[in-house]
Amino acid sequence: MILATHGITASLSGGFDSDYQAVLNYGNSLGYTLPSVGQRTKQNQLMLDLKAAGIWNKLDTFSVFATDGNSNFALIDWKRLTTYTAVNSPTFTTNTGFQGNGTSSYISTNFNPATSGVNYTLNNASRFLWQKVKGLGTNPSDGVITANLNCILSHGTIGNRINTSNPLTTSRQVSVVGLTGLYRRSSLDVDCITNLTIFPNTALSTSINSNNQLIMRGGNSYSIVQASCYGMGASLTSENTDLYNALNTYLTSL
């Protein structure tokens, strides 16, 4: 299939992986500006790398904000073929991603893990993002509308949570430049992720919060986090090195 995008004729039939092809088709159907031809090849390779590592099948939602497509294309959920919502105009920077203003802007994934989670379950779950700029102080990297639940915070004191009202037992700085996240491996065990380093921790699971997961916001707190991608699914402790390498390879190529 050949299409014209803003005066540029390009082929969508590039021999791409079928799931990445579906992302392009979805964006094209909504009139979004697609990534450049060269970047499509890089994004397709990212998809192949995630699949080869067994990561793709563990995800429920995944979005790549760092693109030279437009901001609408950057908000596509590659996994569900839906679109995240940018609220109060977080700043979009080509090939980098979205950044909050610390006062009102954020992104809603429109994904509620309590009602739509398949791989993301009470005792087997992950939330992760790649940050170009981390938050300051108590700024949340992610969270929900209910304050201090299902959140990754920018300080090293208690407050980081995944499927629990209980903060992690041990204070741990989680929010870093690069890959940051929380992986729940069991009803008690939680891993704090800072790039290639995994810090084991504990926090007894209680429930999956039934709200859409937000980025750059938790409760009434907002952050200046600049995010290049975001994902949720099953625990990725065993795949963390492959996840880091796949994302790092893609992002450093832009």
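Residues numbered from 1 in each chain as written. Predicted model: local features only at pLDDT ≥ 70, side-chain atom pairs only at ≥ 80, totals over all residues. Heavy atoms only, no water.

## Overview of the overall build of the protein
In terms of helices and strands, the protein carries 5 helices and 19 strands. For 254 residues, the compact-globule estimate of 2.2 N^0.38 gives 18 Å, and the C-alpha radius of gyration of the protein, at 17 Å, lies within 12% of that figure. Sorting the 254 residues of the protein into buried and exposed places 52% on the buried side. Accessible area of the protein: about 9,500 Å², with a carbon and sulfur share of 50%. For the protein, the distance from the average position of its 14 positive side-chain charges to the average position of its 11 negative side-chain charges is 7 Å. (Helix = DSSP H or I, 4+ residues; strand = E, 2+ residues; numbered from the N terminus. Rg over C-alpha atoms; globule rule 2.2 N^0.38 Å. Buried < 20%, exposed > 50% of the residue type's maximum accessible area, 1.4 Å probe, protein only. Areas by Shrake-Rupley, 256 points an atom, 1.4 Å probe, with all protein chains shown as cover. Lys, Arg positive; Asp, Glu negative; His and termini not counted. Charge placed at Lys NZ, Arg CZ, Asp CG, Glu CD.)

## Let's talk about the confidence of the model for the protein
Model confidence for the protein is summarised by a mean pLDDT of 91, while 91% of its residues fall at 70 or above. Ranking the helices and strands of the protein by mean pLDDT puts strand 4 (residues 76–77) first, with 99, and strand 1 (residues 2–5) last, with 37. Contacts for the low-pLDDT stretch residues 1–11, under 50 throughout, to residues beyond four places or in other chains number 20 contacts. (pLDDT = per-residue confidence, 0-100. Contact = heavy atoms within 4.5 Å.)

## Description of the packing of helix 1 (residues 18–29) against helix 2 (residues 37–52)
Between helix 1 and helix 2, the least distance of the axes is 9 Å, while the angle of their chain directions is 135 degrees. Looking at the two axes, helix 1 sits oblique to helix 2. As helix 1 runs across helix 2, the sense of the crossing is right-handed. Here helix 1 contributes Asp19, Tyr20 and Leu24 to the contact with helix 2, which in turn contributes Arg40, Gln43, Asn44, Met47 and Lys51. A per-class count over the contact of helix 1 with helix 2 returns 3 nonpolar, 2 polar and 3 charged. (Axes fitted to C-alpha atoms, helices over the stretch in contact; angles between N-to-C directions. Parallel < 35°, antiparallel > 145°, perpendicular 65-115°, else oblique. Left-handed = near helix turned anticlockwise from the far one by under 90°. Nonpolar A, V, L, I, M, F, W, Y, C, P; charged D, E, K, R; others polar.)

## Let's talk about the nonpolar core
By size, the foremost hydrophobic cluster in this structure holds 32 residues, and its most contacted members are Leu46, Phe62, Trp78, Phe128, Leu179, Leu243 and Leu247. Looking at this core, the elements that each hand over two or more residues are helix 1, helix 2, strand 3 (59–64), strand 10 (125–133), strand 13 (178–184) and helix 5 (240–252). It is helix 5 that contributes the most residues to this core, 6 residues altogether. Residues within four places of Leu46 in sequence aside, it is in contact with Phe62, Val64, Trp78, Ala246, Leu247 and Tyr250. In terms of nonpolar packing, the next biggest core, distinct from the first, is built from 27 residues, Ala125, Ile162, Leu168 and Ala203 among them. (Core = buried A, V, L, I, M, F, W, Y, C linked by side-chain atoms within 4.5 Å.)

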